[in-house]
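# Descriptive structure summary
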Amino acid sequence: MRTYLVVIDDSPEATLALRFAARRAARTGGGVMVLAIVPPQDFLAFGGVQATIEAEAREQAEALAAAAAEAVAQEANVVPKILVKSGKPAEVVREVIGTSDEVAALVLATAPSGAPGPLVAHFTGHDAGTLPCPVMLVPGGIDIERLDALS
């Protein structure tokens, strides 16, 4: 099955990418894989405090993924696969794509203006030609009606 991989966070860009992927999957008979990433902590705290910080970050990522899955189900009547992984975002995305033959495209969205986010910059810059699947970019300033028509 053709599956669209979407990295979810609490940004408006992730919401756009998710909407596009969900609608595209519904129209093509494909699926959606929602990936929430728990980034490494910038600092180390003492034992129990560190474990609590990491557990809270994971819970937040799981909640984002669950909300995204619900949005996909409501938007496109597609039941997505949910993944929550820890690590550096670009490395986690590369690992997921490398270990899943079903991923047909990585769907990301740009900011409406200004510099691109770190994943967009990474996968359209330095590593642009190294993925085994296409990268689909949804423009951050796109009108929702236009996005729906294109998906």
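Everything in this summary refers to the structure shown in the same document. Predicted model only: the values in this text are computed from it and were never measured.

## Structural notes on the overall build of the chain
Tallying secondary structure elements over the chain gives five helices and five strands in all. Walking the chain from its N terminus toward its C terminus, one meets helices and strands in the order β-α-β-α-β-α-β-α-β-α. Computed over the C-alpha atoms, the radius of gyration of the chain is 15 Å, within 12% of the 15 Å expected from 2.2 N^0.38 for a compact globule of 151 residues. In terms of its C-alpha atoms, the chain occupies a principal-axis envelope of roughly 50 × 35 × 30 Å. Taken over 151 residues, the chain has a buried fraction of 40%. In the chain, the share of contacts with a sequence separation of at least 24, taken over all contacts with a separation of at least 6, comes to 75%. When the accessible surface of the chain is summed, it comes to about 8100 Å², and 55% of that surface belongs to carbon and sulfur atoms. Here the chain holds 11 positive side-chain charges and 18 negative ones, and the gap between their average locations is 10 Å.

## Notes on the sheet that holds strand E5 (residues 135–138)
Reading across the sheet, the five strands line up as E3-E2-E1-E4-E5 and stay open at both edges, with parallel pairing between neighbours. Sheet topology places strand E3 (81–86) and E5 at the edges, where each strand pairs with a single neighbour. Across the sheet, the mean angle from the axis of one strand to that of its neighbour is 30 degrees, orientation sign disregarded. Here strand E1 (residues 3–8) pairs with strand E4 (residues 103–109) via four bridges, running parallel. When the bridges of E4 are listed, Leu5 appears paired with Leu106.

## Points about the pairing of E5
Bridge count for E4 against E5 is four bridges, and the pairing is parallel. Its bridge partner being in E5, Val107 is matched across the sheet by Met136.

## Notes on helix H3 (residues 89–99)
Among all positions of H3, only Ala90, Val92, Val93, Val96 and Ile97 are buried. The buried residues of H3 all sit within an arc of 165 degrees when viewed along its axis, so they share a single face. Residues Glu91, Gly98 and Thr99 are exposed on H3 and point more than 90 degrees away from its buried face. Of the surrounding secondary structure, the elements contacted by the buried residues of H3 are E1, strand E2 (31–38), E3, E4 and helix H4 (118–124).

## Re helix H1 (residues 12–28)
Look at H1: 24 Å from first C-alpha to last across 17 residues, which is about the 24 Å you get at 1.5 Å a residue. Where H1 is concerned, the buried positions are Ala14, Leu16, Ala17, Leu18, Phe20, Ala21, Ala22, Arg23 and Ala25. Where H1 terminates, the next one or two residues include Gly29, which has phi positive at roughly 75 degrees.

## Observations regarding unusual backbone geometry
Positioned with a positive phi, Asn77 is a non-glycine residue whose angle comes to about 55 degrees. In this fold, Asn77 is placed in the loop between helix H2 (47–76) and E3. Judged by its relative accessible area of 72%, Asn77 is exposed.

## Some words on the environment of Ala111
By secondary structure assignment, the location of Ala111 is in the loop between E4 and H4. Once you skip the residues sitting within four places of it in the chain, Ala111 turns out to touch Glu13 and Gly140.

## Some remarks on the side chain of Ser151
Along the chain, Ser151 turns up in the segment after helix H5 (144–150). Residue classification places Ser151 among the buried positions, given a relative accessible area of 1%. A polar contact is formed between the side chain of Ser151 and the backbone oxygen of Asp148, at a distance of 3.2 Å. Ignoring anything within four residues of it in the chain, the contact list for Ser151 reads Phe20, Arg23, Arg24 and Arg27.

Rules of the game
- Residues numbered from 1 in each chain as written.
- Predicted model: local features only at pLDDT ≥ 70, side-chain atom pairs only at ≥ 80, totals over all residues.
- Heavy atoms only, no water.
- Helix = DSSP H or I, 4+ residues; strand = E, 2+ residues; numbered from the N terminus.
- Rg over C-alpha atoms; globule rule 2.2 N^0.38 Å.
- Buried < 20%, exposed > 50% of the residue type's maximum accessible area, 1.4 Å probe, protein only.
- Contact = heavy atoms within 4.5 Å.
- Areas by Shrake-Rupley, 256 points an atom, 1.4 Å probe, with all protein chains shown as cover.
- Lys, Arg positive; Asp, Glu negative; His and termini not counted.
- Charge placed at Lys NZ, Arg CZ, Asp CG, Glu CD.
- Pairing = 2+ DSSP bridges.
- Axes fitted to C-alpha atoms, helices over the stretch in contact; angles between N-to-C directions.
- Arc of directions from axis to C-beta.
- Expected span 1.5 Å × (residues − 1).
- Polar contact = N/O pair within 3.5 Å; in protein donor to acceptor, adjacent residues only side chain to side chain.

Honestly, that's just the spatial picture; any functional story needs more than this.
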